[in-house]
Amino acid sequence: WIPPVVRATGAIAAGVALAVWGDRLVQRGMLRYGAAIIGGGGGLVYLGIWAAAGLYALVDREIGVLLLAVTSGVVVVQAIRHNVEGLAIWALAGAYLAPLFLASEDPVPEKFLAYMAVVGTSLMVLAAWLGWRATFNTALFGYFLLPAALIAKDLTTTLGVNYGALAAVVALLATGTKRSSWSEARIGALALMWMLLFATDGNDELRWAALGGGALITVIVWLQELNATPLDGFSDNQLSPEFIVYLTPLGLVTLGAVAPPTYLAPLGGLLPLALGALYLTSGWLLEALHLVVMGFALLALAISGQWDGAAVAAGWAVLAAAASASGRWARRPGASDVGAVLMPVAFLQLFSVALVVRPEADPSFTGQWSLAWYVCLVAFVLTARWWETDAERGREGKTDVLLWSFAAATLLFGGSLELYRALFPPTFNAATALVLYWVIFAVALVRGASLLRPALRIVALRTSLLLMGAAYLLLFSVTWSARPSSDNAFLGIWSLAWYDAAAGGVFAARWWPAPDRIPDGLRQGGAALWWMAGGCVLLGGSLELHRVFSSDLAGDLAISTFWLLYAGALVKAGFTLDKKVVRSAGLGVAALAALKIVLYDLSALQALYRVASFFLLALITLAGAYGYHTKAKA
């Protein structure tokens, strides 16, 4: 009985009347109720237009979409007039859903994106101007999520990239003021935009479009950073979520590395280099902490993007020295901290990735890895030297100790690896060289410890003890087992290493700092070195004597004789130095020699050798007893 045209126009007329009545209710002071009536009237008008364009096909679908958008616009005007944000969100939802309700059988993505761009950006600008946070977020997330749900494939095109870039730019500009600084909108816009950019994969034209969109939002973020201080709360563990926004250049660098155009593929460091120069220059001029830090970080990425292996380690080391110098001499905030971070990263790169990819043909001491090692060593020393001391920084810390430790470790590890590589495959030669190098290094640490600050002195002394122990362990294990039969006793290469180890232990013990200059835990370090040196002499002499005699009988007798003489020398030295521990050590060696003679020589040696062993034991024990007797009164 009621024609379709009457049904549609009737709904529209009823909706208009309802909206007019709601407007009057608002004017009478019934704001919430009147706004709800206006929203209901808009919904009736929306329903009537939808029926006319969709259900009854009285007008074209495209015209229907426009009429629905106009209806939403009128409701938005009423929302602005009465300052009711909820009414605006209601109208926005209707505008966004209009193309979905009146979808054609042959949709045109270009028209849909154009419509969404006009509606979405208009509402975002309007909401930012009025300070409507919820409306802005609804407009922003609907702008991205609705097309992603309906036409996801069409978003990963040049048109889709431009569509997303428009919303991201509007969102960044609209929320870049203190009045409308909404973190969730800024972070959300960037997150959705980067998801769209990383999803694009195709020809060079599309990749250039993606890089262009990423560069555009990166430049906008950089401009907004010039007057921002996102790292102010870092030291107090109160970092704002806004900090994520300022990581935008890292997203652009990652995009350039993952999907670079053909021209940029061999120039992996060009994009981070350009961004690093931009950020570092602006941060240098403005003395802005976050810009300086990001500039150095981008330059580090440029180095790793352009080179690989040892070259990366050398580049990072030089950059660390430059950062440390910038903080020390130019007083640029954050630069010294960047250098302190880059230095251990370069150390790990040099002794991990760079070693793995090092070619077999790369020569030791003169190859590419060696050159990188030299550069890193010099750069690490400069970085540690230019690091501001605790007194200058006005705070306590151990960063400078850590930096010097990395520099010393670079010299130790690098030198050890190069020596081993130069002398290998003969294991004996390589291990012997390591023993010599480690002993010299340990002695140098002890000798130079007195010149260092207390914290560094402790590290140097502890390292020297560990290094000297490692040298002795290597000398009497790998080096001895790999010793060739042609190496002469007392005059061969192993003997030279033994002499060096024993002398190094003696010198290190003699140069050990006085007890009042070191903490309690290290005051026995000198004694430990004396024990290690003495044990080295005893064990090495025994091995050499057994090697020098072709007869086992003569060798066993010589060892027993050596032990007894060694014991007598220790007792004599103990009396001379008035050191009870030295005399006790001599008595211990004598007891060891006595046990050997009684338990081994007596059963293994021939008659004359047994007589000689017991005769020597008697002489040494009588001499020791006489020495104690003469010193009894003292």
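The present account deals with the structure reproduced in this document. Treat the numbers as computed from the prediction; the structure is a model and nothing was measured.

## What about the overall build of the protein?
If you tally the helices and strands in the protein, you get 26 helices and zero strands. For a compact globule of 634 residues, the expected C-alpha radius of gyration is about 26 Å, and the protein comes in at 41 Å, more than 25% above that figure. Of the roughly 31,500 Å² of accessible surface on the protein, 68% is carried by carbon and sulfur atoms. In the protein, the 39 positive side-chain charges and the 36 negative ones have mean positions that sit 12 Å from each other.

## Some remarks on the layout of surface pockets
Taken as a whole, the second largest pocket holds about 840 Å³ of empty space. Lining the second largest pocket are 28 residues, with Ala 527, Trp 530, Trp 531, Val 581 and Val 582 positioned closest to its centre. When residues of the lining of the second largest pocket are traced back to their parent elements, those giving at least two are helix H22 (493–510), helix H23 (525–548), helix H24 (552–577) and helix H25 (580–604). A breakdown of the residues in the lining of the second largest pocket according to their chemical character gives 21 nonpolar, four polar and three charged.

## What to know about the packing of aromatic side chains
Evaluated as defined, the whole model comprises 22 aromatic pairs. When the ring of Tyr 143 is compared with that of Phe 144, the centres are 5.6 Å apart and the planes differ by 65°; the resulting orientation is edge-to-face. The same class applies to Tyr 143 and to Phe 144, which are both buried. Cation over ring: Arg 328 sits above Trp 329, and NZ or CZ is 5.5 Å from the ring centre. In this arrangement the basic side chain of Arg 447 is found over the ring face of Trp 511, its NZ or CZ atom lying 4.5 Å from the centre.

## Some points on the environment of Ala 501
Within the secondary structure, Ala 501 is located in helix H22. Residues Ala 501 and Glu 62, 439 residues apart in the sequence, show an inter-C-alpha distance of 93 Å. Setting aside residues up to four positions removed in sequence, Ala 501 forms contacts with Val 439, Tyr 472, Leu 475 and Cys 536.

## A closer look at the side chain of Thr 135
Examined against the element boundaries, Thr 135 turns out to sit in helix H6 (residues 133–150). Residues in contact with Thr 135, not counting those within four places in the same chain, are Glu 85, Ala 88, Ile 89, Leu 92, Leu 123 and Ala 127.

## Regarding the environment of Ala 514
Structurally, Ala 514 can be placed in the loop between H22 and H23. The class for Ala 514 is partly exposed, based on a relative accessible area of 36%. The spatial distance from the C-alpha of Ala 514 to the C-alpha of Leu 278 is 54 Å, given a sequence separation of 236 residues.

## Comments concerning the nonpolar core
Judged by nonpolar contacts, the single largest core of 80 residues is most densely connected at Tyr 96, Met 124, Phe 136, Leu 140, Tyr 143 and Ile 217. Ile 217 has contacts with Ala 168, Val 169, Leu 172, Leu 190, Met 193, Trp 194 and Thr 248, leaving out every residue within four places of it along the chain. Core analysis: the next-biggest nonpolar cluster, separate from the first, contains 38 residues, Cys 376, Ala 379, Trp 387 and Ala 409 among them.

## Comments concerning a nonpolar patch on the surface
A surface patch of nonpolar side chains, about 850 Å² in accessible area, is lined by Trp 1, Ile 2, Val 5, Val 6, Leu 58, Val 59, Ile 63 and Leu 67. Elements supplying a minimum of two residues to the nonpolar patch: helix H1 (4–27) and helix H3 (61–82). Note that Trp 1 resides in the segment before H1.

## Observations concerning the environment of Gly 251
Mapped onto the secondary structure, Gly 251 falls in helix H11 (residues 248–258). On a C-alpha basis, the gap between Gly 251 and Ile 80 in space is 38 Å, while along the polypeptide they are 171 residues apart. In this structure Gly 251 touches Trp 194 and Phe 198, once residues within four positions along its chain are discounted.

## Looking at the packing of helix H10 (residues 204–225) against helix H12 (residues 270–286)
In the contact formed by H10 and H12, the axes pass within 11 Å of each other and the chain directions differ by 10°. Between H10 and H12, the interaxial angle falls into the category roughly parallel. Here the hand of the crossing between H10 and H12 comes out right-handed. Contact with H10, carried on its side by Leu 211, Thr 218, Trp 222 and Glu 225, involves Leu 271, Leu 275, Leu 278, Tyr 279 and Ser 282 of H12 and no other residues of that element. The class makeup of the residues in the contact of H10 with H12 is six nonpolar, two polar and one charged.

## Quick look at the pattern of salt bridges
What the rule picks out here adds up to eleven salt bridges. Across the pair Arg 332 and Glu 287 runs a salt bridge, and its minimum N-O distance is 3.6 Å. In this pair, Arg 332 sits in the loop between helix H14 (310–329) and helix H15 (335–351) while Glu 287 sits in the loop between H12 and helix H13 (289–306), placing the two residues 45 residues apart along the sequence. For Arg 332, a relative accessible area of 14% gives the class buried. With a relative accessible area of 48%, Glu 287 lands in the partly exposed category. Linking Asp 487 and Arg 483 is a salt bridge whose minimum nitrogen-to-oxygen distance equals 2.7 Å. Given the relative accessible area of 8%, Asp 487 is considered buried. For Arg 483, a relative accessible area of 8% translates into the label buried.

## Structural notes on H15
Taking 1.5 Å per residue, 17 residues should reach 24 Å; H15 reaches 25 Å between its end C-alpha atoms and fits that length. With 13 of 17 residues buried, H15 is to be regarded as a mostly interior element.

## As for the side chain of Thr 71
Position of Thr 71 relative to the elements: it lies in helix H3. Thr 71 gets classed as buried once you look at its relative accessible area, which sits at 11%. Apart from residues no more than four positions distant in its own chain, Thr 71 is found in contact with Gly 42, Val 45, Tyr 46 and Ile 49.

## Examining unusual backbone geometry
Across the chain, the bulk of peptide bonds are trans and the bulk of non-glycine residues have phi less than zero. A cis amide bond links Phe 424 to the next residue, Pro 425, at an omega of 25°. With respect to the helices, strands and loops of the structure, Pro 425 is situated in the loop between helix H19 (399–423) and helix H20 (427–449). Of note in this structure, Glu 287 is not a glycine but carries a positive phi near 55°.

## Some details on the packing of H20 against H22
Between H20 and H22, whose axes approach to 9 Å, the crossing angle comes to 15°. Between H20 and H22, the angle is such that the two are roughly parallel. Crossing angle aside, the handedness with which H20 passes H22 is left-handed. Touching Phe 428, Asn 429, Thr 432, Val 435, Leu 436, Val 439, Ile 440, Val 443 and Val 446 of H20 are Ile 493, Trp 494, Leu 496, Ala 497, Asp 500, Ala 501, Gly 504, Phe 507 and Ala 508, all from H22.

Conventions adopted
- Residues numbered from 1 in each chain as written.
- Predicted model: local features only at pLDDT ≥ 70, side-chain atom pairs only at ≥ 80, totals over all residues.
- Heavy atoms only, no water.
- Helix = DSSP H or I, 4+ residues; strand = E, 2+ residues; numbered from the N terminus.
- Rg over C-alpha atoms; globule rule 2.2 N^0.38 Å.
- Areas by Shrake-Rupley, 256 points an atom, 1.4 Å probe, with all protein chains shown as cover.
- Lys, Arg positive; Asp, Glu negative; His and termini not counted.
- Charge placed at Lys NZ, Arg CZ, Asp CG, Glu CD.
- 1 Å grid on protein atoms, 1.4 Å probe; cavity = no way out; pocket = protein on both sides within 12 Å on 5 of 7 lines; lining within 4 Å.
- Points joined across faces, edges and corners; volume = space filled by probe spheres on them.
- Nonpolar A, V, L, I, M, F, W, Y, C, P; charged D, E, K, R; others polar.
- Phe/Tyr/Trp six-rings, centres within 6.5 Å; stacked < 30°, edge-to-face > 60°.
- Buried < 20%, exposed > 50% of the residue type's maximum accessible area, 1.4 Å probe, protein only.
- Lys NZ or Arg CZ within 6 Å of the ring centre and 35° of its normal.
- Contact = heavy atoms within 4.5 Å.
- Core = buried A, V, L, I, M, F, W, Y, C linked by side-chain atoms within 4.5 Å.
- Patch = residues over 30% accessible without salt bridge, like charges linked within 9 Å, V, L, I, M, F, W, Y side chains within 5 Å.
- Salt bridge = Lys/Arg side-chain N within 4 Å of Asp/Glu carboxyl O.
- Axes fitted to C-alpha atoms, helices over the stretch in contact; angles between N-to-C directions.
- Parallel < 35°, antiparallel > 145°, perpendicular 65-115°, else oblique.
- Left-handed = near helix turned anticlockwise from the far one by under 90°.
- Expected span 1.5 Å × (residues − 1).

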